[in-house]
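Residue-level structural notes
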Amino acid sequence: MSGIQVLTFSVEGMTCASCVGRVEKTLSSIAGVSEAAINLANETAQVQYSEPASLTDMIEALGEAGYPASTNEITLDVEGMTCASCVGRVERKLKASEGVIDAQVNLATEAATVRYVNGAITPAELARISTELGYPAKVKDGEDLSKQDRKAADIKKLGRLTLFAALLAFPVFVIEMGGHLVPSMHMWIEQNIGLQNSRLLQFFLTTIVLFGPGLRFYTKGFPQLLKGTPDMNSLVALGTSAAYGFSLVSTFTPALLPEGTVNVYYEAAAVIVVLILLGRYLEARAKGRTGEAIRKLVGLQAKIARVERGGEVVELAIEEIMVGDLIHVRPGEKIAVDGTVTNGKSYVDESMITGEPVPVEKGVGAEVVGATVNGTGALVFRATKIGADTMLAQIIQMVEQAQGAKLPIQGLVDRITSWFVPAVMVVAAITVGTWLLFGPDPALSFALIAGVAVLIIACPCAMGLATPTSIMVGTGRAAEMGVLFRKGDALQMLQEAKVVALDKTGTLTQGRPELTDLVAAGGFDEDEVLRLVAALEAQSEHPIAEAITRAAVQKGLKSAEVTAFSSLTGYGVEATVDGQQVIVGADRLMKREGIDMGTLAQTGNALGLKGRTPLYAAIDGKIAAAIAVSDPIKPATPRAISALHGLGLNVAMITGDNQGTAHAIATELGIDIVVAEVLPEGKVAALEELRKRGKLAFVGDGINDAPALATADVGIAIGTGTDVAIEAADVVLMSGELTGVVNAFDISTRTMRNIRQNLFWAFSYNTLLIPVAAGILYPAFGVLLSPVLAAGAMALSSVFVLTNALRLRWVKPVLND
């Protein structure tokens, strides 16, 4: 399907897994929507769609379903508008922006009022859109409320409502339950307050609780019930209404009830509302902590930068930076956006992006990344990527998309919750009927208690939170460790993998040849030989020649004068260096020139068996040294492969090297399976063969790895690789070391284990406690679960699931770079 767009936005009113299913069904039913993934933990919808679907269609459909998209309205101060055409230009551009519902621009006040969907676009992005159009804009002071700010305000409000409800419900609970539990208190109430007066007081306080803080359950629950799509709010509304309604009859028209059944249950209705509000308050606070990783990433951004404007260096908010601006960075400052250094030299700490602790040297022409920290030097760089295009913004987007994804395991939860709430209502009805028919006197009271308890305890909050909270915390923690899950289902697929296949060049190795050995013959000095050979090789552009030249530069050896340079095709090179005849090449060149290699022949053969490329140097007709060049193994590779074995994985290496060299490297590293002499186009076929051993993960970094990354069950791209490889991958490692692969497997395993624990708890809780609430223990033990205890247990189950998921925040990397 062409023209597919992905939109993420906030949805209000979702409280349980059945709500999630309903929102997903609503969005999926819109023509043009190909996929909708709903996340209860962060209350977002991630929608893939194309024409004829539009954001307006989604908002209307969600509103009709009772789960409106969360919207906001802000005012932008816009400069530079001089006429009606300017107004029209700005208005059209804003209206056409993804996530914008409406925009009104006023020339007289130089302001734009924009209504947009929360999560789909930010106020800062709206300001940038106008600025890039040529009309500088900024958010009016005090209006740029982030999603986190709104959440914090909502949590505070919920806390106040809970406290208010608790203060009102406490006297009700004490009067009613105290009278039942303490005979003397019952007598005191009857003598001093009067039985009817105590009921009227309870009625007054409970009514305020139900139609004040508890009103949300009725305004959402009953409409959903009437639509035939009951949710958690419907269960709470039905349960508390039953208790409240029965109490009203007992209070004002007791003659309508059978003799012996007159009783009030105001305390049950009031305390249930308090406990569920408390549960939601604790839930909201815990859910707020699940997004900690995103907030940390956002917090890395610089707020202001020193930018050249009009020949002066001025401080500007990063939202006002334009592509092409020259930005000055002082020692110790954060780099504002991505760019290219034009002046200066410094070391930059990029650990917050790559996870690698060693600062990276930056000079003219070097790329710098926004949110990294400059060292002791001063830099000037030209902005190349701003806003949503910066690396940090891309990382945040990847993490958010992974957090909003639906794993295959979630399908089980969806199938169950689609019928769960209606099934609970049926069970509650059967429970009431059974007690009325077979229960002891007063049967009506027992039936009411059991029916309300079933409705309250069965709310599937814990089920809905079990998977998304673990995904949010797990992928967030992974991002902090430099592991980005671009596709959410990779989180589940990775821990199911049996084989991990590694591309050799650039993945296991550094990706470029280095001089590894230089063994001088008797009578020759190693450094002198290297100086002469490097001077000769500097005339060649071959990668091996560059490795030798680089080694001499690193040692600080002086250059030498080279004359009469000649390339001997298929053999090597020769020249006169500082007046000496020097030749460098393979053993066949030495044989052709009649040079006796002596013991260095065995030295060269031994180096070849280690997977290195042996060369020989002769000076003035005498053998001078055996030289070995290879693409060196990355320092962390042996530890990473050992750790992968420790996780129970088979490790395979795919390389274009010959069998001898490949097996030498595999033996050195302890690799289980070697697939050698593979051309780039043959990698996909090699992976298909390896897949016969079980689910397969492939790790690569180059452009020619993109098809293989896409073919594997899970493609893992080394972050130092190409953009093409990263786009094809399911998981991206921000560092260039294999340690990230180990950490990715570990966090995947831990997160899936956490999800299974949550699902086990959620399903077990409902499976075990619904029969108890219905009264299954009463015939044998005389135990009937109070609706108040049912509400407490229901709230506790959600808090337990969230707390268990939050443990993932403290997962330590298995290996550090």
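The structure displayed is predicted, hence computed values, not measured ones.

Rules of the game
- Residues numbered from 1 in each chain as written.
- Predicted model: local features only at pLDDT ≥ 70, side-chain atom pairs only at ≥ 80, totals over all residues.
- Heavy atoms only, no water.
- Pairing = 2+ DSSP bridges.
- Helix = DSSP H or I, 4+ residues; strand = E, 2+ residues; numbered from the N terminus.
- Axes fitted to C-alpha atoms, helices over the stretch in contact; angles between N-to-C directions.
- Contact = heavy atoms within 4.5 Å.
- Buried < 20%, exposed > 50% of the residue type's maximum accessible area, 1.4 Å probe, protein only.
- Salt bridge = Lys/Arg side-chain N within 4 Å of Asp/Glu carboxyl O.
- UniProt positions renumbered as here; feature names shortened; annotations may be inferred.
- Phe/Tyr/Trp six-rings, centres within 6.5 Å; stacked < 30°, edge-to-face > 60°.
- Lys NZ or Arg CZ within 6 Å of the ring centre and 35° of its normal.

**Some thoughts on the sheet that holds strand 2 (residues 33-39)**
With respect to topology, 3 strands assemble into an open sheet ordered 1-3-2, the strand pairing being antiparallel. Across the chains shown, the open sheet's two edge strands, defined by having one partner strand only, are strand 1 (5-10) and strand 2. Mean inter-strand twist for the sheet, computed between neighbouring axes without regard to direction, equals 15 degrees. Note that strand 1 and strand 3 (residues 44-49) share 6 bridges and pair antiparallel. By the bridge assignment for strand 3, leucine 7 is matched with valine 47. Most of the contacts of helix 1 (residues 17-28) go to strand 2, to which it runs at about 160 degrees, and overall it touches strand 1, strand 2 and strand 3. Relative to strand 1, helix 2 (residues 55-65) is tilted by about 40 degrees, and along the sheet it contacts strand 1, strand 2 and strand 3.

**Some remarks on the side chain of lysine 504**
In this fold, lysine 504 is placed in helix 18 (residues 504-508). In this structure lysine 504 comes out as buried when scored by relative accessible area, which is 7%. Ignoring sequence-local partners within four residues, the contact set of lysine 504 consists of Thr509, Met653, Ile654, Thr655, Asp657 and Ile665.

**Let's talk about the pattern of salt bridges**
A complete count under the given rule lists 18 salt bridges for this structure. Between arginine 592 and glutamate 593 there is a salt bridge, and its shortest N-O distance comes to 3.3 Å. The class of arginine 592 is partly exposed, set by a relative accessible area of 45%. Residue arginine 691 is joined to aspartate 713 by a salt bridge in which the shortest nitrogen-to-oxygen separation is 3.4 Å. In this pair, arginine 691 is assigned in the loop between helix 25 (683-690) and strand 27 (696-700) and aspartate 713 in the loop between helix 26 (706-711) and strand 28 (714-718), connecting sequence segments 22 residues apart. The exposure class assigned to arginine 691 is partly exposed, which follows from its relative accessible area of 24%. A relative accessible area of 25% means that aspartate 713 is categorised as partly exposed.

**Observations regarding the UniProt feature "transmembrane region" (unreviewed entry) in the protein chain**
This chain's UniProt record puts "transmembrane region" (unreviewed entry) on residues 161-180, 200-219, 231-252, 264-282, 416-438, 444-467, 759-778 and 784-806. For the annotated span residues 231-252, helix accounts for 95% and strand for 0% of the residues, and the straight-line distance between the end C-alpha atoms is 31 Å. Its end C-alpha atoms 34 Å apart, residues 784-806 is made of 87% helix and 0% strand.

**Remarks on the packing of aromatic side chains**
With the rule as written, the count across this model stands at 11 aromatic pairs. Summarising the aromatic geometry, the rings of phenylalanine 211 and tyrosine 218 are spaced 6.0 Å apart at their centres and angled 25 degrees between planes, so their arrangement reads as stacked. Judged by relative accessible area, which is 47%, phenylalanine 211 ranks as partly exposed. According to the relative accessible area criterion, tyrosine 218 is buried, its value standing at 10%. Here tyrosine 244 and tyrosine 266 contribute two aromatic rings whose centre-to-centre distance is 6.1 Å and whose plane-to-plane angle is 65 degrees, an arrangement assigned as edge-to-face. Here tyrosine 244, found in helix 9 (residues 232-252), pairs with tyrosine 266, found in helix 10 (residues 266-290); they are 22 residues apart in sequence, far enough to count as distant. Assessed through its relative accessible area of 10%, tyrosine 244 is described here as buried. The class of tyrosine 266 is buried, set by a relative accessible area of 0%. In this structure, arginine 588 packs its charged tip against the face of tyrosine 571, placed 6.0 Å from the ring centre. Above the ring of tyrosine 571, the side-chain terminus of arginine 592 is found at 4.7 Å from the ring centroid.

**Describing unusual backbone geometry**
Here the residue pair glutamate 51 and proline 52 is connected by a cis peptide bond, since its omega of 10 degrees sits within 30 degrees of zero. Not every positive phi belongs to a glycine, and aspartate 578 is a case in point at roughly 50 degrees. Along the polypeptide, aspartate 578 turns up in the loop between strand 21 (572-577) and strand 22 (580-585). Taking relative accessible area as the criterion, aspartate 578 reaches 35% and is therefore assigned partly exposed. Even without being glycine, aspartate 620 reaches a positive phi, approximately 50 degrees.

**Structural notes on the UniProt feature "domain: HMA" (unreviewed entry) in the protein chain**
Here the UniProt-annotated "domain: HMA" (unreviewed entry) positions come out as residues 5-70 and 72-138. Secondary structure within residues 5-70 divides into 35% helix and 29% strand; the distance between the first and last C-alpha atoms comes to 20 Å. In residues 72-138, the share of helix is 33% and the share of strand is 34%. The end C-alpha atoms are 16 Å apart.

**Describing the sheet that holds strand 15 (residues 373-374)**
Taken in spatial order, the 3 strands make up an open sheet running 13-12-15, and their pairing is antiparallel. The two strands at the open ends of the sheet, each matched to only one other strand, are strand 13 (360-362) and strand 15. Sheet topology note: the strand 12 (residues 346-349)/strand 13 ladder contains 3 bridges and is antiparallel. Bridge pairing in strand 13 places serine 346 opposite lysine 362.

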